[in-house]
Amino acid sequence: MTTKKWVLLSLSAVPIVLAGCDSENLGEVQEATTEIERITDEAVADINQLAQTETELQKLFSETLETDEELATLQDESSPVFENITAREEILADLEAVENDMEAQQEILATYDGESLDQEQIQGVDTVVDDFEESLSTYVDSYYQTLEGEREFFAEISDEEATYDDFVNGIETLNEERESLREPLMNLDEILVDLDERLSELQSSIETELSEE
């Protein structure tokens, strides 16, 4: 609603119209959808950064094997591989904060009780956000387990009694754990596509209603 339209209203009418717009709270719902979009975009960026950081692990591990024959830096955790693990743990911590951020926006969506928007559209967004939070939580928990496995592997192979079989078996276990991340990641991708479509539909409806005020 433009400023010029407000000027044309009598003073007595202003409080009435304001109350009506406030009950619909279309602006707040619009802001909530924008925030949900921003949060998901940042989550995707973090997940991609997680994958990028992980690709650097092999190089750091190879360099450690080449420069530290006694694997002392694995024993005292001064090898760069542990910095890599810590960096990924910090990214996971950021992803864990997504749930609280999303819930704050879902609470705003839940306050809408007007008639301009289709409640099914709002509920659809809310439901898919729930799915996203659940899937992301599963992915994060699984990824934490892979990091724990990496720490255990580096500690095991740096032990004086470690054998070549321990090394080979440890690598195989790590690869299996990484492979287990594929399914929750693909599930996340599917949910994000669905959420993007539903958000676009709801945002379009909100813009239409706001343009008619």
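A. Seen up close, the overall build of the chain. Each helix and strand in the chain was counted, giving nine helices and zero strands. Each helix and strand of the chain, ordered N terminal to C terminal, gives the series α-α-α-α-α-α-α-α-α. Among the 213 residues that make up the chain, the fraction classed as buried is 33%. Pairs at least 24 residues apart make up 83% of the contacts formed inside the chain by residues separated by at least 6 positions. Accessible area of the chain: about 12700 Å², with a carbon and sulfur share of 47%.

B. Structural detail: the nonpolar core. In terms of nonpolar packing, the biggest core is built from 46 residues, with Phe132 and Phe154 touching the most fellow members. Of all the secondary-structure elements, those providing two or more residues to this core are helix H3 (26–67), helix H5 (80–96), helix H6 (98–110), helix H7 (119–157) and helix H9 (182–212). The element contributing the most residues to this core is H7, with 13 residues. Among all residues touching phenylalanine 154, those that are not within four sequence positions of it are Leu57, Phe61, Leu74, Val81, Phe82 and Ile85.

C. Broad picture of a negative patch on the surface. On the surface, a cluster of negative charge is contributed by Glu69, Glu70, Glu148, Glu152, Glu156, Asp159, Glu160 and Glu161. Relative to the assigned elements, glutamate 152 resides in helix H7.

D. Inspection of the packing of aromatic side chains at higher detail. Summed over the entire model, instances satisfying the criterion amount to eight aromatic pairs. Arranged with centres 5.3 Å apart and planes meeting at 50 degrees, the rings of phenylalanine 61 and phenylalanine 154 form a pair that is tilted. Of this pair, phenylalanine 61 sits in helix H3 while phenylalanine 154 sits in helix H7; the two residues are 93 residues apart in sequence, bridging distant segments of the chain. Across the pair, phenylalanine 154 and phenylalanine 61 agree in class, each one buried. Centre to centre, the rings of phenylalanine 82 and phenylalanine 154 are 5.8 Å apart; their planes meet at 70 degrees, and the pair counts as edge-to-face.

E. Looking closely at H7. Over its 39 residues, H7 extends 57 Å from the first C-alpha to the last, a length consistent with the 57 Å expected when each residue adds 1.5 Å. With a side-chain oxygen lying 2.9 Å from the backbone nitrogen of glutamate 120, the N-terminal cap of H7 falls on aspartate 118.

F. Here's a closer look at the packing of H6 against H7. Relative orientation of the contacting elements H6 and H7 amounts to 170 degrees, with a least axis distance of 11 Å. Compared by their axis directions, H6 and H7 come out roughly antiparallel. In the packing of H6 onto H7, the handedness of the crossing is left-handed. Contacts between H6 and H7 pair Val98, Glu99, Met102, Glu103, Gln106 and Leu109 from the former with Ile122, Val125, Asp126, Val129, Asp130, Phe132, Glu133 and Leu136 from the latter.

G. Broad picture of the pattern of salt bridges. Applying the stated criterion across every chain yields a total of nine salt bridges. Across the pair arginine 198 and aspartate 194 runs a salt bridge whose closest N-O atoms are separated by 3.1 Å. Note that arginine 198 and aspartate 194 are positioned in helix H9 at a spacing of four residues, about one turn of the helix.

H. View of the side chain of arginine 88. With respect to the helices, strands and loops of the structure, arginine 88 is situated in helix H5. A distance of 2.7 Å separates a polar atom in the side chain of arginine 88 from a polar atom in the side chain of glutamate 150. If we skip the residues at most four places from it in the chain, arginine 88 touches Leu50, Thr53, Glu54, Leu57, Tyr143, Leu147 and Glu150.

Reading the values: the criteria
Residues numbered from 1 in each chain as written. Predicted model: local features only at pLDDT ≥ 70, side-chain atom pairs only at ≥ 80, totals over all residues. Heavy atoms only, no water. Helix = DSSP H or I, 4+ residues; strand = E, 2+ residues; numbered from the N terminus. Buried < 20%, exposed > 50% of the residue type's maximum accessible area, 1.4 Å probe, protein only. Contact = heavy atoms within 4.5 Å. Areas by Shrake-Rupley, 256 points an atom, 1.4 Å probe, with all protein chains shown as cover. Core = buried A, V, L, I, M, F, W, Y, C linked by side-chain atoms within 4.5 Å. Patch = residues over 30% accessible without salt bridge, like charges linked within 9 Å, V, L, I, M, F, W, Y side chains within 5 Å. Salt bridge = Lys/Arg side-chain N within 4 Å of Asp/Glu carboxyl O. Lys, Arg positive; Asp, Glu negative; His and termini not counted. Charge placed at Lys NZ, Arg CZ, Asp CG, Glu CD. Phe/Tyr/Trp six-rings, centres within 6.5 Å; stacked < 30°, edge-to-face > 60°. Expected span 1.5 Å × (residues − 1). Polar contact = N/O pair within 3.5 Å; in protein donor to acceptor, adjacent residues only side chain to side chain. Axes fitted to C-alpha atoms, helices over the stretch in contact; angles between N-to-C directions. Parallel < 35°, antiparallel > 145°, perpendicular 65-115°, else oblique. Left-handed = near helix turned anticlockwise from the far one by under 90°.

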